[in-house]
Amino acid sequence: MRRAISLAGLGIALASVAIGTGSVRPAPIKVVETYERKCSSCHGKEGAMLDKDFEKKYASPRELREVVESMPGAIGMRSDELDAMLAYTRAISRREPFVVWTGQQGDALLGEVSPAMAKVEARAKREKLRVERPQANQWRIVLPKGVRPEEVEITAQRGGVRTTLRLKDSPYSHTK
């Protein structure tokens, strides 16, 4: 009986942690880092060797997924990891900036952007947030007190092309 009460207490504790952190979560992989490590030797840094609009060569999103899934760099990827890589593939194909939230350390959100030279800005509750760039393809945002990840909107811009990511919708841009 004592053991059952202990497990029930643990369940309540876990439920409150899940509620407290919200339903948004970072991407399952560091997409840009993974691409550069596994794919860039054939497809170029940040997809430079891929033709513009190459995704349009495929009859459907399913066909594009099958092609990406068959690439050596995608071998062994889980479905959710492959979804994130497909989003990056779409961004590369469209020549649009890609933004992904990859993790959280305390109050800091961590992520990646491609191309590396894209300007990154963030807002929450209509207030501009400070964005740090620890490395070329990375960004870091320390959330002010009272701001939750799902309230954050991140924009990446290169030239006249702009991508906006709302963390309440997805941890990465180009989901469709």
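Residues numbered from 1 in each chain as written. Predicted model: local features only at pLDDT ≥ 70, side-chain atom pairs only at ≥ 80, totals over all residues. Heavy atoms only, no water.

The subject of this paragraph is the sheet that holds strand 8 (residues 161–166). The strand order across the open sheet formed by four strands is 4-3-7-8, and the pairing between neighbours is antiparallel. Edge positions in the sheet fall to strand 4 (127–129) and strand 8, since each has one partner strand and no second. Strand after strand, the sheet turns through a mean of 25° between neighbouring axes, direction not considered. As paired elements, strand 7 (residues 152–158) and strand 8 share six bridges and run antiparallel to each other. In the strand pairing of strand 8, arginine 158 is matched with valine 161. (Pairing = 2+ DSSP bridges. Helix = DSSP H or I, 4+ residues; strand = E, 2+ residues; numbered from the N terminus. Axes fitted to C-alpha atoms, helices over the stretch in contact; angles between N-to-C directions.)

Two strands pair when backbone bridges link them, and strand 3 (residues 119–124) and strand 7 are joined in this way by six bridges, in the antiparallel orientation. Across the sheet, arginine 123 pairs through a bridge with glutamate 153, a residue of strand 7. In this structure, the hairpin formed by strand 7 and strand 8 is closed by a connection of two residues, where glycine 159 is found at a positive phi of approximately 60°.

Taken in spatial order, the four strands line up as 1-2-6-5 in an open sheet, and their pairing is antiparallel. In the strand order of this sheet, the two ends are held by strand 1 (98–105) and strand 5 (131–132), each with one partner. In this structure, strand 5 lies alongside strand 6 (residues 138–142), joined through two bridges in antiparallel fashion. Bridge assignment links valine 131 to a residue of strand 6, and that residue is isoleucine 141.

Right, let's talk about the confidence of the model for the protein chain for a bit. In the predicted model, the protein chain carries a mean pLDDT of 89, and 88% of its residues have values of at least 70. Across residues 1–21, confidence stays below pLDDT 50; counting only partners more than four residues off in sequence or on other chains, it has zero contacts. (pLDDT = per-residue confidence, 0-100. Contact = heavy atoms within 4.5 Å.)

A few words on the packing of helix 4 (residues 61–70) against helix 5 (residues 79–94). Relative orientation of the contacting elements helix 4 and helix 5 amounts to 110°, with a least axis distance of 10 Å. Taken together, the axis directions place helix 4 and helix 5 in an arrangement best described as roughly perpendicular. Touching Leu64, Arg65, Val68 and Glu69 of helix 4 are Ser79, Leu82, Asp83, Leu86 and Thr89, all from helix 5. Of the residues that constitute the contact of helix 4 with helix 5, the class distribution is four nonpolar, two polar and three charged. (Parallel < 35°, antiparallel > 145°, perpendicular 65-115°, else oblique. Nonpolar A, V, L, I, M, F, W, Y, C, P; charged D, E, K, R; others polar.)

Where helix 2 (residues 31–38) is concerned, the buried positions are Val31, Val32, Thr34 and Tyr35. The buried residues of helix 2 all sit within an arc of 165° when viewed along its axis, so they share a single face. (Buried < 20%, exposed > 50% of the residue type's maximum accessible area, 1.4 Å probe, protein only. Arc of directions from axis to C-beta.)

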